[in-house]
Amino acid sequence: MPATAVLGAQWGDEGKGRVTDYFSEKADYVVRYQGGNNAGHTIIVGDQKLALSLIPSGVMYPQVIPVIASGMVVDPRVLLAEIDMLAGKGIDTSRLRISSNAHLIMPYHRKLDAVMERFLGRSQIGTTKKGIGPAYTDKFARQGIRVQDLFDPKIFREKLEVALEDKNKLLTRVYNQLPIDSGPIADEYLAYAERLLPLVTDTSLLLWEAIRDGKEVIFEGAQGTLLDIDHGTYPFVTSSSPTAGGVLTGVGIGPKDLHRVVGIAKAYISRVGTGPFPTELSDEIGDRMVDIGGEYGTVTGRRRRCGWLDLVALRYAVRVNGLTDLFLTKLDVLSHFEAIKVAVGYTSLGERYDEFPRQQRVLYNCTPVYEEFPGWNTDITGARSSDDLPPEARTYIEFIEDTIGVPIRWVSVGPERTQLVERT
Ligand code: GDP
Ligand code: IMO
Ligand code: MG
């Protein structure tokens, strides 16, 4: 399969880093198509742990060309720090390619992200404060500054002046902050240009040619379906399109060029930040999921909210992404529970819902309708084939598969690269 998307089917942190790493072994290109350094993707190989925020998770494989495509927002300071971090671990990043059309996250985007959240008080979204929302806002307002602008100092300074005129009014008059001076920002950003120049190219053309030539291309989603700007739990979402449609717009390829869409879901579910979450467990079971699953944010260190797997939401993810397969992660975490529940429907405001509700008011008031399964109470971290899994675990997997209508081809049973079962 030449072109495969691997993307989050929940609210992020499903294990996209480890899944992309798995697919990268046979890949020629691994591409991030949206988001920025709000992502935190973890890969564990032996006792080496890597947390990546901008560079695609295929970077550890020497044959892979990692690509930052046009739909991303790039904080160049963070990108260069990540390149240096990888160099420190002996990982070569000279093959990295960056779209000249990707937008830059500027210092005022970070500042605005922080003050706007503070301003929202109790209604805040709980963003990662990396400047993602304000950078995408400028992109859509056609006031963004792009990677290619770094290579034309005159244009860069002009665009920065225009942007700051607007931003400084907002910062001083609305948010009561000090104005930002353009000089130091221009000096800082233009100094990055030299290091970035050899990496910047037309990634849409690069990837079109790769697909035409039958190369293996993996598109690595960040965030997840329920955080999608159009299809997620708006306004408690991110400002980009993690869903399959985002691959096409973010990379600049057509629908015929995407051959497979693999959804990634945890065997339970988690969410960082605020917003509705029907199966959230605010009890001892939820606390145990956090402890056993190590559910703390890779980017912000925040405690993730946890709950039982939600098959209403997962069926929704199958639909809006056109998923062809599912990769189920962290099944080992459920080994520690006597009984395991999954949501198969909701009731809200006196009505039963089998489809993901489109209205926030309904979603906020949802009580899940659960099916309960017996736990297996045994360590499965050594399982490497379906036969190694206890019957209760197989029943659980098969129930999910039957309910969502797409095959679960892979199940991971631990964070390390080799801890997974490929189902046949
Ligand atoms: P991503 O943002 O989707 O890439 O996910 P994160 O890396 O933020 O969070 C997933 C966490 O779960 C990481 O700490 C992974 O090392 C870990 N992880 C991934 N797969 C498994 C698994 O099968 N079992 C366990 N116990 N941990 C896993
Ligand atoms: P990965 O790729 C989980 C959440 C934030 C917040 C909302 C908006 O590691 O799965 P933003 O900073 O994007 O404007 O924040 O989205 N969020 C994530 N949650 N995993 C992520 O990335 C996330 N990226 C953003 O917590 O609720
Ligand atoms: Mg993450």
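Every chain's residues receive numbers from 1 upward, in the order its sequence appears when written. All chains are assigned letters beginning with A, and all ligands numbers beginning with 1, in the order in which they are written. In view of the model being predicted, local features appear only for residues whose pLDDT reaches at least 70, and side-chain atom pairs are presented and counted only at 80 or more, with totals across whole chains, interfaces and linings using the full set of residues. Values shown for side chains rest on all heavy atoms present in the structure; no hydrogens or waters enter the calculation.

Draft legend 1. Expanded view of the site of ligand 1. Surveying the vicinity of ligand 1 reveals 19 residues, the closest of which are Lys16, Gly17, Thr42, Asp332 and Ser412. The definition of a polar contact used here is a pair of N or O atoms within 3.5 Å, where within protein one atom must be able to donate a hydrogen and the other to accept one, and adjacent residues in sequence count solely through side-chain atom pairs. The separation between an oxygen atom of ligand 1 and a polar main-chain atom of glycine 15 is 2.8 Å. At 2.6 Å from an oxygen atom of ligand 1 is found a side-chain nitrogen or oxygen belonging to serine 412. Only Asp, Glu, Lys and Arg are considered charged, only Ala, Val, Leu, Ile, Met, Phe, Trp, Tyr, Cys and Pro nonpolar, and every remaining residue, Gly among them, polar. Split into classes, the residues belonging to the shell around ligand 1 amount to 4 nonpolar, 8 polar and 7 charged. In these notes, residues near a molecule or strand are those with any non-hydrogen atom within 4 Å of it.

Draft legend 2. Quick peek at the packing of aromatic side chains. Centre distance within 6.5 Å is the pairing criterion for rings of Phe, Tyr and Trp, where only the six-membered ring of Trp is used; planes under 30 degrees apart are then read as stacked, over 60 as edge-to-face, and the remainder as tilted. Summed over the entire model, instances satisfying the criterion amount to 15 aromatic pairs. Considering the side-chain rings of phenylalanine 156 and tyrosine 189, the 6.2 Å spacing of their centres and the 25 degrees angle between planes classify their relative orientation as stacked. Separated by 33 residues along the polypeptide, phenylalanine 156 in helix H5 (residues 153–174) and tyrosine 189 in helix H6 (residues 182–196) bring together distant segments of the chain. Among the aromatic side chains, those forming a connected cluster through ring pairs are Tyr22, Phe23, Phe327 and Trp410. We call a charge positioned over a ring when the NZ of a Lys or the CZ of an Arg lies within 6 Å of the ring centre and within 35 degrees of the ring normal. The ring of phenylalanine 337 carries the charged tip of arginine 288 above its face, separated from the ring centre by 4.7 Å. Helix numbers and strand numbers start at the N terminus; a helix is a DSSP run of H or I with at least 4 residues, a strand a run of E with at least 2.

Draft legend 3. Seen up close, the domain arrangement of the protein. In terms of domains, the protein is made up of domain 1 (3–91 + 202–422) and domain 2 (103–197). On a C-alpha basis, the centroid separation for the pair domain 1 and domain 2 is 29 Å. Opposite the 28 residues of domain 1 that make contact, domain 2 presents 21 residues. Buried area is understood as the total, over both parts, of accessible area removed when two parts are fitted together, assessed with a 1.4 Å probe. Summing both sides of the interface, domain 1 and domain 2 together bury roughly 2,000 Å²; the carbon and sulfur share of this comes to 59%. By the criterion of area lost to domain 2, the three top residues of domain 1 are Val73, Pro76 and Leu80, representing 27% of everything that side buries. A pair is scored as a salt bridge if a Lys or Arg side-chain nitrogen falls within 4 Å of a carboxyl oxygen belonging to Asp or Glu. The tally of links from domain 1 across to domain 2 stands at 2 salt bridges. Between aspartate 84 and arginine 195 there is a salt bridge, with the nearest N and O atoms lying 2.8 Å from each other. One can count 10 residue pairs in polar contact (both at pLDDT 80 or more) joining domain 1 with domain 2. Among the residues making up the side of domain 1 that touches domain 2, the classes are represented as 11 nonpolar, 13 polar and 4 charged. These domain limits were set by an automatic method or by a database of domain assignments. Residues are treated as being in contact if the distance between any of their heavy atoms lies within 4.5 Å.

Draft legend 4. A look at the pattern of salt bridges. Counted according to the given criterion, the structure contains 22 salt bridges. Ionic pairing is found between glutamate 14 and lysine 16, a salt bridge with its closest N-O pair at 2.8 Å. According to the relative accessible area criterion, glutamate 14 is buried, its value standing at 0%. Each residue's exposure class comes from its accessible area (1.4 Å probe, protein chains only) as a fraction of the maximum for that residue type: buried when under 20%, exposed when over 50%, partly exposed otherwise. Lysine 16 gets classed as buried once you look at its relative accessible area, which sits at 3%. For aspartate 287, the salt bridge is made with arginine 303, and the minimal N-O distance between the two is 3.0 Å. A residue pair is termed long-range when its members are at least 10 positions apart, and aspartate 287 in helix H9 (residues 284–293) and arginine 303 in the loop between H9 and strand E13 (305–307) qualify at 16 residues. Three or more residues joined by partner-sharing salt bridges are found here, namely Asp13, Lys266, Glu295, Arg304 and Lys330.

Draft legend 5. A look at the pairing of strand E16 (residues 339–348). Relative to E16, strand E14 (residues 309–310) runs parallel, the two being bridged by 2 bridges. Bridging from a neighbouring strand, aspartate 310 pairs with alanine 343 of E16. A strand pair is defined by DSSP finding two or more bridges across the two strands. Sheet topology note: the E16/strand E18 (residues 367–374) ladder contains 8 bridges and is antiparallel. Each residue of the ladder has a partner; that of lysine 341, found in E18, is glutamate 372. Sheet topology places E16 next to strand E17 (residues 351–353); 3 bridges connect them, and they run antiparallel.

Draft legend 6. Expanded view of the site of ligand 2. Close to ligand 2 lie 20 residues; Asp13, Lys16, His41, Thr128 and Thr238 are nearest. A distance of 2.5 Å is found between an oxygen atom of ligand 2 and a side-chain nitrogen or oxygen belonging to threonine 128. Take valine 272: an N or O atom from its main chain is 3.1 Å from an oxygen atom of ligand 2. Where accessible areas are quoted, they stem from the Shrake-Rupley method and a 1.4 Å probe; at the residue level, only the protein chains shown are allowed to cover. Within the complex, the protein chains bury 98% of what would otherwise be the 540 Å² of accessible surface of ligand 2. Residues of the shell around ligand 2, tallied by class, amount to 7 nonpolar, 10 polar and 3 charged. Here the shell around ligand 2 spans two domains, and each of domain 1 (3–91 + 202–422) and domain 2 (103–197) adds at least three residues to it.

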